Amino acid sequence: MKTSFIYSEDFAKNDYGAGHPLRSFRLKLTYELMKAYGLLSLPDVPVIQAIPAEEKYLLLYHTRDYIDMLNGVNNGVEIPGEENYGLGFGDNPVFEGVYEWSRLVTGASLQAAELVDSGAAPISFNVSGGLHHALASKASGFCYINDPVIVISSLLRKGKRVAYIDIDAHHGDGVQDAFYRTDKVLTISLHESGLYLFPGTGFETEMGEGEGRGYSVNIPMPPSSDDELFVYAFDEVVPSLLKKFKPNIVVSQLGVDSFITDPLTHLKYTTNGFCEVVGKIKELSPRWIALGGGGYDVTNVAKAWTLAWAIMNEVDLPNALPEAFLEQYPLEGFRSRKLRDKEYQETGAQKKKVKAEVSRVILWIKENVFPLISTSP
Ligand SMILES: [Zn+2]
């Protein structure tokens, strides 16, 4: 097979509750848009039914007591003490099936990893994955089980060198935390600066510890950063580091809450910059496990991940959204009937200020982090 797409109708069945910004319907809308474009019936590209992960895989990262607590609230009923595990209020509500849903999402990421690692499919995409904030014994930032960490841990057990590239608007703090002290995983996160956005971490000075010193790389972007700066920052840092590190496999978190239309964040990317970067990740990856991530403008999520999947399959899509799809989902607020966004560039004094800050960060990384990464044996 050329690539594979892991999916389940049950991805969209969970409900974080009224008023919560994360709508699982976005995954179904993405699937439907891909299908309408014919991207789920390409030759040699199977859509594979997701299977829940066995508990032993969750324990590759999470603690026994946290998994027991998450399992305990699976019926949607609150349990005293859940708050010690980040559960039950605000960002990480307890809902019916929360544990089952988390196992399903993680299982899909593990299936993608198995297909990629075995060589069966050099690229696999799980749009439901990329839940990068979950910590070993704590739910955080809408994330209960950290599927990127579990996937990477399973690859490390097989002796693989893994590079993790995270382009979500939020810092990939859980993944960084898990691999902060090892040189076997290179984590690179490009995100909105923690000065302005959850989780408040991911500064360039966070660069790993002990053997891992230099192997955690952070590119905090100021609010109002646009496509030009996003692509510039990526180009200046990621290709050089990957060429030095020489990973066997790249795991990417393709969060799309970094777009100008996203209600939770302050970056100003569009499909133009996003597609350019996704294309570059494809070029740089010997094998590629692609995961989803954040995204709170539902129609934008569907468009961006459809474009990403087209890039993975080297298919050029027409810009007009399929008529039949628009007829089926007219109330989903598509602002335009086009797949791609118009180009957007920040201008004037604000652009100058933001550009100066991005340049400062990149120079700092080149001087302080680049020399620490040793070339793979
Ligand atoms: Zn995010």
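A brief report on the enclosed structure follows. What you see is a predicted model, and the numbers here were worked out from it, not measured in a lab. (Residues numbered from 1 in each chain as written. Predicted model: local features only at pLDDT ≥ 70, side-chain atom pairs only at ≥ 80, totals over all residues. Heavy atoms only, no water.)

So, on to the pattern of salt bridges. Here the structure, examined in full by the defined rule, presents 22 salt bridges. In this structure, aspartate 183 and lysine 184 form a salt bridge, with 3.3 Å as the shortest nitrogen-oxygen distance. Among the residues examined, aspartate 183 registers a relative accessible area of 23% and is labelled partly exposed. Since its relative accessible area comes to 42%, lysine 184 is described here as partly exposed. Across the salt bridge formed by glutamate 228 and lysine 355, the nearest N and O atoms sit 4.0 Å from each other. Separated by 127 residues along the polypeptide, glutamate 228 in helix α7 (residues 227-245) and lysine 355 in helix α11 (residues 348-368) bring together distant segments of the chain. Owing to a relative accessible area of 34%, glutamate 228 belongs among the partly exposed residues under this scheme. Here lysine 355 falls in the partly exposed class, since its relative accessible area comes to 37%. The network of salt bridges with common partners includes Glu114, Asp117, Lys158 and Lys160. (Salt bridge = Lys/Arg side-chain N within 4 Å of Asp/Glu carboxyl O. Buried < 20%, exposed > 50% of the residue type's maximum accessible area, 1.4 Å probe, protein only. Helix = DSSP H or I, 4+ residues; strand = E, 2+ residues; numbered from the N terminus.)

This paragraph deals with the packing of α7 against helix α8 (residues 271-284). Contact geometry of α7 with α8 gives a least axis separation of 9 Å together with a crossing angle of 10°. Accordingly, the angle class assigned to the pair α7 and α8 is roughly parallel. Within the contact between the two elements, α7 uses Asp227, Phe230, Val231, Phe234, Asp235, Val238, Pro239 and Leu242 and α8 uses Asn272, Gly273, Phe274, Glu276, Val277, Lys280, Ile281 and Leu284. For the contact of α7 with α8, the residue count by class is 10 nonpolar, two polar and four charged. (Axes fitted to C-alpha atoms, helices over the stretch in contact; angles between N-to-C directions. Parallel < 35°, antiparallel > 145°, perpendicular 65-115°, else oblique. Contact = heavy atoms within 4.5 Å. Nonpolar A, V, L, I, M, F, W, Y, C, P; charged D, E, K, R; others polar.)

Another aspect to go through is the coordination of the zinc ion. For the zinc ion, the full set of protein donor atoms is Asp168 (OD), His170 (ND1) and Asp257 (OD), and the range of their distances to it is 1.9 to 2.1 Å. For the zinc ion, the single-chain donor residues occur in sequence as D-x1-H-x86-D. Given a relative accessible area of 1%, aspartate 168 falls into the buried group. (Donors = N, O, S within 2.8 Å, 3.2 Å for Na, K, Ca; no water.)

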